[in-house]
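# Remarks on the overall topology
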Amino acid sequence: MSSPLAPPTPGPRSARRLLSPGLLFALPFLVLFAVFMLWPLGQGLWMSLTDTSLSAHSPDFIGLDNFSEAVRDAEMWRALGHTLWFTALSTVPLVAVALGMALLVHTGLPGQWVWRLAFFAPYLLPVGVVGLLWIWLYQPDLGLYNHLLDGLGLGQVAWLSDPSVAMSAIALTTLWWTVGFNFLLYLAALQSVPDHLYEAAAIDGAGAWRRLWSITLPQLSRITAVITVLQILASLKVFDQVYLLTKGGPDNSTRPVVEYVYDVGFTGYRLGYASAISYIFFALVVLASATQYAALRRREK
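Residues numbered from 1 in each chain as written. Predicted model: local features only at pLDDT ≥ 70, side-chain atom pairs only at ≥ 80, totals over all residues. Heavy atoms only, no water.

## Digging into the overall build of the protein chain
Counting its regular elements, the protein chain contains 13 helices and zero strands. The C-alpha radius of gyration computed for the protein chain amounts to 26 Å, which surpasses the reference 19 Å derived for 301 residues by more than 25%, pointing to a less compact arrangement than a globule. In terms of overall dimensions, the protein chain has a C-alpha envelope of 85 × 70 × 30 Å along the principal axes. A separation threshold of at least 6 residues defines the contact pool for the protein chain, and within that pool the share at least 24 residues apart is 66%. (Helix = DSSP H or I, 4+ residues; strand = E, 2+ residues; numbered from the N terminus. Rg over C-alpha atoms; globule rule 2.2 N^0.38 Å. Contact = heavy atoms within 4.5 Å.)

## Thoughts on a nonpolar patch on the surface
Taken together, the side chains of Leu 27, Phe 29, Leu 30, Val 31, Leu 32, Phe 33, Val 35, Phe 36, Met 37, Leu 38 and Leu 41 define a hydrophobic patch exposed on the protein surface, amounting to about 1,000 Å² of accessible area. Mapped onto the elements of the fold, Leu 30 is located in helix H1 (residues 12-48). Given a relative accessible area of 41%, Leu 30 falls into the partly exposed group. (Patch = residues over 30% accessible without salt bridge, like charges linked within 9 Å, V, L, I, M, F, W, Y side chains within 5 Å. Areas by Shrake-Rupley, 256 points an atom, 1.4 Å probe, with all protein chains shown as cover. Salt bridge = Lys/Arg side-chain N within 4 Å of Asp/Glu carboxyl O. Buried < 20%, exposed > 50% of the residue type's maximum accessible area, 1.4 Å probe, protein only.)

## A word on helix H9 (residues 208-219)
Residues that lie three or four places apart on an α-helix share one face, since the helix turns once every 3.6 residues. A rise of 1.5 Å per residue sets the reference length of H9, with its twelve residues, at 16 Å; its end C-alpha atoms lie 15 Å apart and thus fit the reference within 8%. Buried within H9 are the following residues: Leu 212, Ile 215 and Thr 216. Down the axis, H9 shows its buried residues gathered within 125° of arc, on one side only. Those residues of H9 that are exposed and aimed more than 90 degrees away from the buried face are Arg 210 and Trp 213. Where H9 is buried, its residues meet helix H3 (74-106), helix H7 (166-191) and helix H8 (195-203). (Expected span 1.5 Å × (residues − 1). Arc of directions from axis to C-beta.)

## Here we look at the side chain of Thr 83
Here Thr 83 is to be found in helix H3. Its relative accessible area of 0% is what places Thr 83 among the buried residues. Excluding residues that lie within four positions of it along the chain, Thr 83 makes contacts with Ser 235, Leu 236, Pro 256 and Val 257.

## Concerning the environment of Gly 248
Mapped onto the fold, Gly 248 is located in the loop between helix H11 (240-245) and helix H12 (257-267). By relative accessible area, Gly 248 is classed as buried at 0%. Spatially, the C-alpha atom of Gly 248 lies 8.7 Å from that of Tyr 260, the residues being twelve residues apart in sequence. Gly 248 has contacts with Val 242, Ser 253, Thr 254, Arg 255 and Glu 259, leaving out every residue within four places of it along the chain.

Taken by themselves, the reported measurements are silent on function.
Spelled out as structure tokens, the structure:
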């Protein structure tokens, strides 16, 4: 028996009346989501099961042949290895350097707005501008970096044409270009740390390093985990800066898997096979995301 003070339970007609405004407000998003997300996903999945090609007009259904070919494709696995190597090279610096930058600004450097603008401004640049700028910096004879190395009496480095250096050069470019976003997240998190924790630690005689290790870093653990996950996912999808700086060279030593999909689909005209590779990569990214999410949930418990 319901309490006389309890609000009346809405009937089916009332529930529909309450639901309809919400559906009307959500309808534009749902339509756009279906047109630009669900339909392309379904179309791409169908293409991966056919021999669709830019040079043919009537694709045939071939089942899982594209997927079985991709599993045996050594170039695909090589490109995937390059992607994982870039992710390992870029993720740690992009987290650590962003944290250091945020700590420097948060400690009260004079002219904070200048530092914030300088740290975040590169993130606002288009990738084409970033690519042209860093190509000039990496020039063998006229570039700034080799000029500095010459001044120090060191030999010049073939930044973008040496297979052993090119990927590190791309990671350095990515660090300069995108670290501002992580810096902004860390700075916002630092401003939310309660001041009374630092005051209590100062009363107990804790120095700056002790406060950093015992208060600041533990308070930032959640945002550090979020930034790490976001950075790993962003690095796995790398394409633009690699294509502009090296086009996957030299000798395909920096070609990531997304560029391999581009080459197969738009240079080799094999859209069906490129779609199959895309879905294999998508499955690996989803698996990595699920693993990281499960690890975060385990840490919170």
